[in-house]
Amino acid sequence: MSESEITVTPLNAQVVLSASEGAEFPEWVTGEESAVATDSAILVATREDLDGNVTVRVLIDEFAPEGEKVFESTLSLPTPTPTPTPSVRFGSFLSGELAEIELPGAGEYTAQVYVDDPAGASTVLVLLRRREG
């Protein structure tokens, strides 16, 4: 089990979790979604940056999430080169405030997103669980 956290300025009222290399970022369809995703990245809607910072936590294989579940997706994370250890980056890509956490291996992960307030999250929790098979 692993955990990491960062507090960021949520420019454009969003935070991101993505593969550390080769991530393809999703686009918002209406701007009203709680989150949008591709196979390698998730954007999560937050409160506006003028309302304060947002804390982003990533938990790997933990069981006790906090907040309201607003999104679930599958991330496919290939083995990166030149290092064999996959990782994800998370935080605010737009403000350059990013943290990184290593994963137990490459492959598919179920990503569940929990927030403290779906109308304007100040805390975002992403729970990653490796999919078997």
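Structural data are supplied above this passage.
Residues numbered from 1 in each chain as written. Predicted model: local features only at pLDDT ≥ 70, side-chain atom pairs only at ≥ 80, totals over all residues. Heavy atoms only, no water.

A few points about the pattern of salt bridges
Pairing is possible between side chains of opposite charge, provided their charged atoms come close. Formally: When a carboxyl oxygen of Asp or Glu is within 4 Å of a side-chain nitrogen of Lys or Arg, the pair counts as a salt bridge. Secondary structure is summarised from DSSP: a helix means a run of H or I of at least four residues, a strand means a run of E of at least two, and numbering begins at the N terminus for each. Relative accessibility thresholds used throughout: buried, under 20% of the residue-type maximum; exposed, over 50%; partly exposed, between the two (1.4 Å probe, protein chains only).
If you walk through the whole model with that rule in mind, you get 6 salt bridges. For Arg 57, the salt bridge goes to Glu 3, with nearest N and O atoms at 3.0 Å. Residue Arg 57 is found in strand S5 (residues 54-60), and its partner Glu 3 is found in strand S1 (residues 2-8); the two are separated by 54 residues along the sequence. Take Glu 3: its relative accessible area is 45%, and that puts it in the partly exposed class. Across the pair Arg 89 and Glu 100 runs a salt bridge whose closest N-O atoms are separated by 4.0 Å. Highlighted residues: Arg 89 in strand S7 (residues 87-92) and Glu 100 in strand S8 (residues 97-102), separated in sequence by 11 residues. Note on Glu 100: relative accessible area 43%, which makes it partly exposed. One connected set of salt bridges, linked through shared partners, spans Glu 3, Glu 5, Arg 57 and Glu 66.

A look at the nonpolar core
As a reminder of what qualifies: Here the nonpolar core consists of buried residues drawn from Ala, Val, Leu, Ile, Met, Phe, Trp, Tyr and Cys, with membership extended through side-chain atoms lying within 4.5 Å. When checking whether two residues touch, look at their non-hydrogen atoms; a contact exists if any pair is within 4.5 Å.
Within the largest apolar cluster, 28 residues are counted, with the highest numbers of intra-cluster contacts made by Val 124 and Leu 128. Filtering out sequence-adjacent residues up to four positions away, Leu 128 remains in contact with Leu 17, Val 58, Leu 59, Ile 60, Asp 61, Leu 75, Val 88, Leu 103, Tyr 109, Thr 110 and Ala 111.

A short note on the packing of aromatic side chains
We apply this condition: Paired rings are identified among Phe, Tyr and Trp, the last through its six-membered ring, by centres lying within 6.5 Å, and are further divided according to the angle between planes into stacked (under 30 degrees), edge-to-face (over 60) and tilted (the rest).
All chains considered together, the criterion is met by 1 aromatic pair. Relative to Phe 93, the ring of Phe 25 has its centre 5.3 Å away and its plane inclined at 40°; by these criteria the two rings are tilted. Separated by 68 residues along the polypeptide, Phe 25 in the loop between strand S2 (14-19) and strand S3 (35-37) and Phe 93 in the loop between S7 and S8 bring together distant segments of the chain. The exposure class of Phe 25 is partly exposed, given its relative accessible area of 34%.

Remember that the coordinates give geometry; whether it matters functionally is a separate question.
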